[in-house]
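Structural features, examined
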Amino acid sequence: MDYEVIVVGSGAIGSSIAFELASRGIKVARVGEIKRTHSASKAAGAMNGCFGEITSGLVGSEFGRLKLDMDIRAKSLWSNWAERLSEASDNSEQLFTAQGTHVILNSAGMADVDTVNYEAIEEYLNRYDEQYDTISPSKMPWVKANDLVRPMQALYIPEENAVDSHLLLEKLDAALLNKGGVIYEDNASQLFTEGDVVTGVQLNDGTLLSAKHVILAAGVHSLDLLDEFPDVKRRIPPMFAGYGVSIMARLKPGHQVPTSVIRTPNRAFACGLHCVPREKDLLYIGATNILAESPKKNALISDVQFLLDCALEQLNIDLNDAEIETIQVGNRPIPADGYPLIGQCHFNGLWLATGTYRDGLHQSPLLATYLADKIQGLQTELDLDVFTPIRKPLPGLSREETVTETAKQMFATGYEFRWDIKPYWLPLLDTGMTGFYTNLIDSLHPTYTPPPELVAFSYLYKSMYDKLAEYYEAWS
């Protein structure tokens, strides 16, 4: 039961780290259920999205631009990563399911969100000299939207693809075992330390595992093992669950899925509406990201209805005849300041690799290499020290910008729900929300400011507000 490294977590990040370590001849054990119920990785659309994920808020901060740089670096790794997994897993099945990404700007959302983010995508495509094509919406392949929400602009990014997340996880399991790694299909229940050194973990069934290094990469559950160390945990940004729903739809005979990813810009605290081909007649549909007090196990009817309405109206009205094969639920790990938790954490040999929000699966090859290099004491090309887990809240937007953005995103939610608010009511609503969110942020802390989505949802859930306040107090 002695290992050099124990990786806690069986999602894309944890599985990738374990595989990379085993590939280097390191004795590694991975802990976590293979069925991965309600994990973000299993329910993911698995888009290799960099530029398609850009928002004005992301590129408006230094640390957001660092996240974008990580995404761009990760994108360049996927071709070789897929080849390595095919060889190591003895499974040559094609991992990529989509070629390129179409981004559409339609009239379903709000100009201050959708148009601004669409323009940010195009701006950074040009800044990075990334290949893309502007396309006439009338010539968009496959899209057949309701005229009320028809696409107005569109572009095609040929190098932003998508993978089959289920197949990816299967290959990671097989590849790890073939490289000599060990998988324990149980969750960790306790972390063991001696002085300032980590020594191992205990599983739910009582099994004891010892190691020089323990990596916590269990998504939204990653900080659970630190409950016994409150003085450490309170100085780490608390994480919240970004609950998301996705649907696997089987198209009727004679109807084929698109060959590319089709998506809108990110909007209203969530991913943009998107569909991803999986098989010739099987389509992945996603969009939702709703903060919750704790991870959710089942989809709400209201969220399924909203997602289906958006897909039918904005993507293709013929989806009305498709059959729902599966409704998937995933929980993304969202830290209090919106930035990932990556690096060594208080105890010698204890590492965190989590808090990646929507980027985890895409960044998994990059993070696997980074953590493996760190553990082996090698030089790393990428400096992620700012994302060290024990840290003061990293700044994003200014306080005034955060209030404005929160109100704007709340309005955008209403527009996507097709609300019918008379224009003369909007200034009154804006004034009310602006004042309310200003007071809420001021009551949390004089200077620390959470991201807009946490501002909006900490009003709904007192436990979120309390966790933020406790974290801010630890650094005051």
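Residues numbered from 1 in each chain as written. Predicted model: local features only at pLDDT ≥ 70, side-chain atom pairs only at ≥ 80, totals over all residues. Heavy atoms only, no water.

1. Examining the overall build of the protein chain
- In terms of helices and strands, the protein chain carries 12 helices and 19 strands.
- Taking 476 residues into account, the globule formula puts the C-alpha radius of gyration at 23 Å, and the protein chain, at 22 Å, falls close to it.
- Oriented by its inertia axes, the alpha-carbon framework of the protein chain measures out at about 65 × 55 × 40 Å.
- The buried share of the protein chain, taken over its 476 residues, is 57%.
- Long-range contacts, defined as pairs at least 24 residues apart, comprise 74% of the intrachain contacts of the protein chain with a sequence gap of at least 6.
- The distance from the centre of the 40 positive side-chain charges to the centre of the 62 negative ones in the protein chain is 1 Å. (Helix = DSSP H or I, 4+ residues; strand = E, 2+ residues; numbered from the N terminus. Rg over C-alpha atoms; globule rule 2.2 N^0.38 Å. Buried < 20%, exposed > 50% of the residue type's maximum accessible area, 1.4 Å probe, protein only. Contact = heavy atoms within 4.5 Å. Lys, Arg positive; Asp, Glu negative; His and termini not counted. Charge placed at Lys NZ, Arg CZ, Asp CG, Glu CD.)

2. Considerations on the pattern of salt bridges
- The full count for this structure, using the stated rule, is 25 salt bridges.
- Salt-bridge contacts for E53 lead to R358; the nearest nitrogen and oxygen are separated by 3.4 Å. Residue E53 is found in the loop between β2 (28–31) and α2 (62–75), and its partner R358 is found in the loop between β19 (350–354) and α8 (360–375); the two are separated by 305 residues along the sequence.
- Residue classification places R358 among the partly exposed positions, given a relative accessible area of 26%.
- In this structure, K67 engages D359 in a salt bridge whose closest nitrogen and oxygen atoms are separated by 3.6 Å. Remark: D359 occurs in the loop between β19 and α8 and K67 occurs in helix α2; sequence separation between them is 292 residues. Each member of the pair, K67 as well as D359, carries the same accessibility label: buried.
- Look at the salt bridges and you will find they share partners, linking E20, R24, R84 and D373 into a network. (Salt bridge = Lys/Arg side-chain N within 4 Å of Asp/Glu carboxyl O.)

3. A few points about unusual backbone geometry
- One non-glycine residue, R36, adopts positive backbone phi at about 50°.
- Following the sequence through the fold, R36 ends up in the loop between β2 and α2.
- Overall, R36 belongs to the buried group, its relative accessible area being 6%.
- Backbone geometry places W142, a non-glycine residue, at a positive phi of 75°.
- By secondary structure assignment, the location of W142 is in the loop between β5 (133–135) and β6 (151–157).

4. Quick notes on the packing of helix α1 (residues 12–23) against helix α3 (residues 78–89)
- The geometry of α1 relative to α3 is characterised by a closest axis approach of 12 Å and an angle of 70° between their N-to-C directions. In terms of orientation, α1 lies roughly perpendicular with respect to α3. Between α1 and α3 lies a crossing whose hand is left-handed. For the pair formed by α1 and α3, the contact residues are S16, F19, E20 and S23 on the first element and W81, R84, L85 and A88 on the second.
- Here the residues of the contact of α1 with α3 sort into 4 nonpolar, 2 polar and 2 charged. (Axes fitted to C-alpha atoms, helices over the stretch in contact; angles between N-to-C directions. Parallel < 35°, antiparallel > 145°, perpendicular 65-115°, else oblique. Left-handed = near helix turned anticlockwise from the far one by under 90°. Nonpolar A, V, L, I, M, F, W, Y, C, P; charged D, E, K, R; others polar.)

5. Quick notes on the packing of aromatic side chains
- Tallied over the entire structure, the rule returns 14 aromatic pairs.
- Considering the side-chain rings of F229 and F347, the 5.0 Å spacing of their centres and the 65° angle between planes classify their relative orientation as edge-to-face. With a gap of 118 residues between them, F229 in the loop between β11 (208–216) and α6 (230–233) and F347 in the loop between β18 (341–344) and β19 connect regions that are remote in the sequence. Of the two residues, F229 and F347, neither departs from the other in class, the shared state being buried.
- Taking 5.6 Å as the distance between ring centres and 70° as the angle between the ring planes, the aromatic pair formed by Y415 and W419 counts as edge-to-face.
- A residue is classified by how much of its surface remains accessible, and W419, at 30% relative accessible area, is partly exposed.
- Joined through ring pairs, the aromatic side chains of F51, Y124 and Y128 make up one cluster. (Phe/Tyr/Trp six-rings, centres within 6.5 Å; stacked < 30°, edge-to-face > 60°.)

6. Description of the side chain of S16
- Looking at the secondary structure, you find S16 in helix α1.
- Using a relative accessible area of 1% as the deciding quantity, one classes S16 as buried.
- In contact with S16, not counting residues within four places along its chain, are W81, L172, S364 and A368.

7. Quick look at the pairing of strand β14 (residues 274–279)
- Burial runs high along β14: 5 of the 6 residues are buried.
- Pairing of strand β13 (residues 261–263) with β14 involves 2 bridges; the strand directions are antiparallel. Each bridged residue has a counterpart across the sheet, and for R263 the counterpart in β14 is H274.
- Across 5 bridges, β14 lies against strand β15 (residues 282–286) in antiparallel orientation. (Pairing = 2+ DSSP bridges.)

8. Re the environment of L312
- You can see L312 is positioned in helix α7 (residues 301–314).
- Those residues in contact with L312 that lie beyond four places of it in its chain are I317, L319 and N320.

9. Focus on the packing of helix α9 (residues 399–416) against helix α10 (residues 426–444)
- For the pair α9 and α10, the least separation of the axes is 9 Å and the interaxial angle reads 130°. The orientation of α9 relative to α10 falls into the category oblique. In this structure, α9 crosses over α10, and the sense of that crossing is right-handed. Here R399, T402, V403, T406, A407, M410, F411 and Y415 of α9 lie close against α10, whose contacting residues are L426, L429, D430, M433, T434, Y437, T438, I441 and D442.
- By residue class, the composition of the contact of α9 with α10 is 10 nonpolar, 4 polar and 3 charged.

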